[in-house]
Amino acid sequence: MKSSSCSICLLKSEVVKDLDTSELNILGKSCVEAVFKKGETIFKQNALSSNIIYLQTGLVKLMIEGPQRIQILRLKKAPCYLGLPTTMGDKINNYSAVALEPVSACFIDINVFKHLLRINPDFSYEIIIELCKNELKQFHRCVKLVQNEIYGRLAGNLLYLADEIYQSQEYNLPLSRSEIADMVCTSRETVSRILNSLAKEGIISISGKRVKILNKSLLEKISEKG
């Protein structure tokens, strides 16, 4: 880990740009940068939480350990904040974050973060906006998990990876078949069967972890209608 100078950082978040020079100096003194390899845990469920984490680069999965198994909640791509709800609302991490690829992140002392929220209304406003957007996305995800059939849930996740994570219709799946099954609440065998079925229908092509969306409009209809 190393200390960070927020005033000259090229990867600082849009909300931090609302801070003046003195506030950036306060933030920089409480901010430490860290790098993580693929598969490393950034923070762990049930551990004491004393930092807000700003993901500068990379992709992570958020997971929560339930009574029967570990559930993948969602994927988060940089740039974004991690741990806002759990750190602001509790002193204990309510879920874990694990790097899906090399990651760089800034750990910000929670007390300094709260201080900046109190003294800078523009900064506070942008953080609230981010929290609201994330909450709405989670609401929509919950509805799809409950009301859509497995075809719709899997189609929706393929589109999510294309549009929000990679901004490309061709990408490598960042998760194993078992992890994808965990995200859409089904079995590994069902995920493999549906992926093969979508490929046979010419909606996607798939080779190993490489996926290419060939008929996006039809995949969107499957996602919407379930």
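Draft legend 1. Inspection of the pairing of strand β6 (residues 70–77) at higher detail. Summarising the sheet, strand β5 (residues 59–65) and β6 pair through seven bridges and their orientation is antiparallel. Looking across to β6, one finds that Leu-62 is bridged to Arg-74.

Draft legend 2. The arrangement of the sheet that holds strand β10 (residues 170–172) in detail. Read from one edge to the other, the open sheet built from three strands follows the order β10-β12-β11, with strand pairing classed as antiparallel. Looking at which strands have only one partner, the edges of the open sheet turn out to be β10 and β11 (204–207). Sheet twist, expressed as the average angle between the axes of neighbouring strands with direction ignored, equals 15°. Looking at chain direction, β11 and strand β12 (residues 210–213) are connected through four bridges and run antiparallel. Looking at the pairing, Ile-206 lines up with Val-211 of β12. Sheet contacts for helix α5 (residues 150–166): β10, β11 and β12; angle to β10, the most-contacted strand, approximately 95°.

Draft legend 3. Inspection of the packing of aromatic side chains at higher detail. Across all of its chains, the model carries six aromatic pairs by this definition. Seen in terms of ring centroids, Tyr-54 and Tyr-81 are 5.0 Å apart; in terms of plane orientation they differ by 50°. Their pairing is tilted. You can see Tyr-54 sitting in strand β4 (residues 51–57) and its partner Tyr-81 sitting in strand β7 (residues 80–82), a full 27 residues away along the chain. Judged by relative accessible area, which is 5%, Tyr-81 ranks as buried. By the ring-pair criterion, three or more aromatic residues cluster together here, those being Tyr-54, Tyr-81, Phe-113 and Phe-123.

Conventions and cut-offs
Residues numbered from 1 in each chain as written. Predicted model: local features only at pLDDT ≥ 70, side-chain atom pairs only at ≥ 80, totals over all residues. Heavy atoms only, no water. Pairing = 2+ DSSP bridges. Helix = DSSP H or I, 4+ residues; strand = E, 2+ residues; numbered from the N terminus. Axes fitted to C-alpha atoms, helices over the stretch in contact; angles between N-to-C directions. Contact = heavy atoms within 4.5 Å. Phe/Tyr/Trp six-rings, centres within 6.5 Å; stacked < 30°, edge-to-face > 60°. Buried < 20%, exposed > 50% of the residue type's maximum accessible area, 1.4 Å probe, protein only.

Remember, this is a structural readout, not a statement about activity or role.
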